[in-house]
Amino acid sequence: MFVAFREHVDAIANDETVGCVVVTGAGRSFCAGHDLGAISSNEHAPSKHFEPETVDALERLPQPTIAKIRGHCFTGGLEFALACDFRVMSKESALLYAFINIGLGPDGGASWLLSRQVGYSKALEIATGGKRVMGEECLKLGLTNKLVETNEILNVAKNWAKDLSEKPTIGVGITKQDMIFSLNNNLLDTIEFEAKEQVAAFHSEDLKEGVSAFLEKRKANFKGK
């Protein structure tokens, strides 16, 4: 599954026709996590079958990503949800760092992704607590961007994706990379990085269209070029 997922992510990264990506599970929940049966039988240790490159590739997609989280999002599924740029949940949706409940620590980048979202102390509380974090608390903590009714999660995610896709995709991609870079670098390095990234936007058709639309007082028609 990780190999297939990575192949899809790589294909999307190189597809200029894709403006935004919605990531979701194929059932009533986002993801139940690792196969504990395989772990208990020692058939596969997490370090052997888990591919952190997949999560990293998802986070580094040039297009914005939205995790549509219905129902449970546990352990191994958390990395995918938190690696997305945005999340949409309902009150019934739940995140669970269950690693501690079976004697494990986080893996697949789960500790880095969580602490980046909520800070060290709260992340440690969640990870060592081993309790479900429901939708309303996720909204308060900044773990989700939108809280909607369960039957509206997909529509809200798709409409948000459509809105993002209509924006200048080169500019959106640059903005995303700028934000990611700023997380691990100081102000001056970030300013230099932003300047280098901005060069691509200066030569884009979308910049010309955006400026023309502004001067002509009309809605811009961006094409992602």
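The structure we're discussing is the one just above.
A few points on the structure. (Residues numbered from 1 in each chain as written. Predicted model: local features only at pLDDT ≥ 70, side-chain atom pairs only at ≥ 80, totals over all residues. Heavy atoms only, no water.)

## Some points on the sheet that holds strand 6 (residues 133-134)
The strand order across the open sheet built from three strands is 3-5-6, with neighbouring strands paired in mixed fashion. Edge strands, defined here as strands with exactly one partner in the open sheet, are strand 3 (72-74) and strand 6. Here strand 3 pairs with strand 5 (residues 94-96) via three bridges, running parallel. Bridge assignment links Phe74 to a residue of strand 5, and that residue is Leu96. Its contacts with the sheet put helix 5 (residues 76-83) on strand 3 and strand 5, and the angle it makes with strand 3 is roughly 105°. (Pairing = 2+ DSSP bridges. Helix = DSSP H or I, 4+ residues; strand = E, 2+ residues; numbered from the N terminus. Contact = heavy atoms within 4.5 Å. Axes fitted to C-alpha atoms, helices over the stretch in contact; angles between N-to-C directions.)

## Concerning the sheet that holds strand 2 (residues 65-68)
Paired through their backbone hydrogen bonds, the strands of a sheet run either parallel or antiparallel. Here four strands make up an open sheet; going across it, the order is 1-2-4-7 and the pairing parallel. Of all strands in the sheet, those bounded by a partner on one side alone are strand 1 (21-24) and strand 7 (146-147). In terms of strand pairing, strand 4 (residues 86-89) meets strand 7 through two bridges, oriented parallel. Paired with Met89 across the two strands is Leu147, which belongs to strand 7.

## Quick notes on the layout of surface pockets
Roughly 340 Å³ of internal volume is contained in the largest pocket. Lining the largest pocket are 15 residues, with Asp85, Phe86, Lys176, Met179 and Ile180 positioned closest to its centre. Sorting the residues of the lining of the largest pocket by element identifies helix 6 (110-118) and helix 10 (169-183) as the ones contributing at least two each. By residue number, the principal contributor to the lining of the largest pocket is helix 10, which donates six residues. Looking at the lining of the largest pocket, its residues break down into nine nonpolar, two polar and four charged. (1 Å grid on protein atoms, 1.4 Å probe; cavity = no way out; pocket = protein on both sides within 12 Å on 5 of 7 lines; lining within 4 Å. Points joined across faces, edges and corners; volume = space filled by probe spheres on them. Nonpolar A, V, L, I, M, F, W, Y, C, P; charged D, E, K, R; others polar.)

## Section: a nonpolar patch on the surface
A cluster of nonpolar side chains, contributed by Phe202, Leu207, Val211, Phe214 and Leu215, occupies part of the molecular surface with about 560 Å² of accessible area. Counting residues per element, the nonpolar patch draws most heavily on helix 12 (residues 205-215), which supplies four residues. Tracing the backbone shows Val211 in helix 12. Owing to a relative accessible area of 41%, Val211 belongs among the partly exposed residues under this scheme. (Patch = residues over 30% accessible without salt bridge, like charges linked within 9 Å, V, L, I, M, F, W, Y side chains within 5 Å. Areas by Shrake-Rupley, 256 points an atom, 1.4 Å probe, with all protein chains shown as cover. Salt bridge = Lys/Arg side-chain N within 4 Å of Asp/Glu carboxyl O. Buried < 20%, exposed > 50% of the residue type's maximum accessible area, 1.4 Å probe, protein only.)

## Some points on empty space enclosed by the protein
A probe matching the size of a water molecule, rolled over the atoms, marks out where space remains unfilled. One pass over the full model with this rule turns up one cavity of 30 Å³ or more. Within this model, the largest cavity holds a volume of roughly 40 Å³. Every residue lining the largest cavity is listed: Leu78, Leu82, Leu95, Leu96, Tyr97, Leu114, Ile126, Val133 and Leu143. Elements represented by at least two residues in the lining of the largest cavity include exactly helix 5 and strand 5. Here the residues of the lining of the largest cavity are counted per class, giving nine nonpolar, no polar and no charged.

## Considering the pattern of salt bridges
For the structure on display, the rule yields eight salt bridges. The partner of Asp10 in a salt bridge is Arg6, with the nearest N and O atoms 3.0 Å apart. Within this pair, Asp10 and its partner Arg6 are both found in helix 1 (residues 2-13), separated by four residues, close to a single helical turn.

## Details of the side chain of Asp178
Tracing the chain through its elements places Asp178 in helix 10. Despite its burial, Asp178 pairs with no opposite charge, the nearest such side chain being Arg60 at 11 Å. (Lys, Arg positive; Asp, Glu negative; His and termini not counted.)

## What to know about the packing of aromatic side chains
Summed over all chains, the structure comprises five aromatic pairs. Pairing Phe2 with Phe80 gives two aromatic rings, centres 6.0 Å apart and planes at 10°, and the pair type is stacked. Here Phe2, found in helix 1, pairs with Phe80, found in helix 5; they are 78 residues apart in sequence, far enough to count as distant. Residue classification places Phe80 among the buried residues on the basis of a relative accessible area of 8%. Plain terms: the ring middles of Phe5 and Phe80 are 4.9 Å apart, the flat faces sit at 70° to each other, and that makes the pair edge-to-face. Placement of the pair is Phe5 in helix 1 and Phe80 in helix 5, with a sequence separation of 75 residues. Classification of Phe5 as partly exposed rests on a relative accessible area of 25%. One aromatic cluster in this structure is built from Phe2, Phe5 and Phe80. (Phe/Tyr/Trp six-rings, centres within 6.5 Å; stacked < 30°, edge-to-face > 60°.)

Distances and angles like these do not, on their own, reveal function.
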